[in-house]
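Descriptive structure summary
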Amino acid sequence: PAAAADESARIYAAKCKTCHGVEGSSPFPELSLVDDKWLHGSAVADITRVIEDGVPGKAMASFKPQLTKAEIDALARYVRSLAKKGKAEKGASRK
């Protein structure tokens, strides 16, 4: 499991960080992955679909040609975990 998480983090850094920021904390609200605002659904299945298919008319490209199904599934779980981590950090900083 730790190796899979490391691999997902590596894929995120290579494929997602440029637009979505370090650990999902893009300064642009529509690109942030650490808030509760999910434009295309917040379930892992929704995130998987966006990674696989992209978002027509937006900069979010399909990664299906570049990543295996297993990599996409793991990346979707990793992206979803960023929101939970960001929420926990925000809560901790308010104390």
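This text gives an overview of the structure that appears in the document. (Residues numbered from 1 in each chain as written. Predicted model: local features only at pLDDT ≥ 70, side-chain atom pairs only at ≥ 80, totals over all residues. Heavy atoms only, no water.)

Here's the deal with helix α3 (residues 44–53)
When we look at burial in α3, the residues that qualify are Ile47, Thr48, Val50, Ile51 and Glu52. At the C-terminal side of α3, Gly54 shows a positive phi close to 75°. (Buried < 20%, exposed > 50% of the residue type's maximum accessible area, 1.4 Å probe, protein only. Helix = DSSP H or I, 4+ residues; strand = E, 2+ residues; numbered from the N terminus.)

Structural notes on the layout of surface pockets
Of the pockets and cavities examined, the largest pocket occupies roughly 620 Å³. Residue lining of the largest pocket: 24 residues in total, with His20, Glu30, Leu31, Val50 and Met60 positioned closest to the centre. Secondary-structure elements contributing two or more residues to the lining of the largest pocket are α2 (17–20), α3 and α4 (69–93). The residue makeup of the lining of the largest pocket, split by class, is 16 nonpolar, four polar and four charged. (1 Å grid on protein atoms, 1.4 Å probe; cavity = no way out; pocket = protein on both sides within 12 Å on 5 of 7 lines; lining within 4 Å. Points joined across faces, edges and corners; volume = space filled by probe spheres on them. Nonpolar A, V, L, I, M, F, W, Y, C, P; charged D, E, K, R; others polar.)

Keep in mind these values describe shape, not function.
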